[in-house]
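Inside the fold
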Amino acid sequence: MTEMEKKIMVRLCAKILQYVNLTEDKEAENLIQWVIMNNNLKENNNEIRKVTADYKKVQPEVYSGIREALKANQEICKRRNELYEKQQDLKGKLFKIEKNLER
């Protein structure tokens with residue numbers, strides 16, 4: 001999905017929220033939540049790719065024994081692990097929403 005498509009989907013969800021009574025229409029709520037979670041999942045995945053690319057840039061310096069590079073590498077790995085945890089949480093929420101949509 002392109003950035004424009006993402007922006008349009010989020011704006012569409014916002015417009016729907018104005019006119020739909022989500023307390024009465026759970027399917028509409030689940031559909032909106034799915035779009036939002038799916039978008040968050042993709043954004044988080046892009047962030048993971050960026051952090052992994054940063055890691056690969058620093059990695060050769062680590063092997064040459066530079067302490068600063070090692071410290072930077074540890075920070076990058078910590079950030080990547082945090083993003084992976086967020087990714088798993090988003091996947092869990094998306095799974096629950098998809099299960100509710102199947103009902």
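To be clear, the structure that these remarks concern was listed above.
Let me begin by describing the structure that accompanies this report. (Residues numbered from 1 in each chain as written. Predicted model: local features only at pLDDT ≥ 70, side-chain atom pairs only at ≥ 80, totals over all residues. Heavy atoms only, no water.)

**Points about the pattern of salt bridges**
The final tally for this structure, using the stated rule, is six salt bridges. One salt bridge in this structure joins Lys93 and Asp89, with 3.5 Å as the shortest N-O distance. Of this pair, Lys93 and Asp89 both sit in helix 3 (residues 67-102), separated by four residues, roughly a single helical turn. Between Lys99 and Glu102 there is a salt bridge, and its shortest N-O distance comes to 3.8 Å. A residue pair is termed a helical-turn pair when its members lie 3 or 4 positions apart in one helix, as Lys99 and Glu102 do in helix 3 at three residues. A residue is classified by how much of its surface remains accessible, and Glu102, at 62% relative accessible area, is exposed. (Salt bridge = Lys/Arg side-chain N within 4 Å of Asp/Glu carboxyl O. Helix = DSSP H or I, 4+ residues; strand = E, 2+ residues; numbered from the N terminus. Buried < 20%, exposed > 50% of the residue type's maximum accessible area, 1.4 Å probe, protein only.)

**Some words on the nonpolar core**
Within the largest apolar cluster, eight residues are counted, these being Ile48, Val51, Tyr55, Val58, Ala69, Ile76, Cys77 and Leu83. Counting residues per element, the ones that place at least two in this core are helix 2 (26-63) and helix 3. Every residue in contact with Val58, bar those within four places of it in the chain, is listed here: Ala69, Ala72, Asn73 and Ile76. Met37, Leu41, Leu90 and Ile97 belong to the second-largest nonpolar core, a separate cluster that totals five residues. (Core = buried A, V, L, I, M, F, W, Y, C linked by side-chain atoms within 4.5 Å. Contact = heavy atoms within 4.5 Å.)

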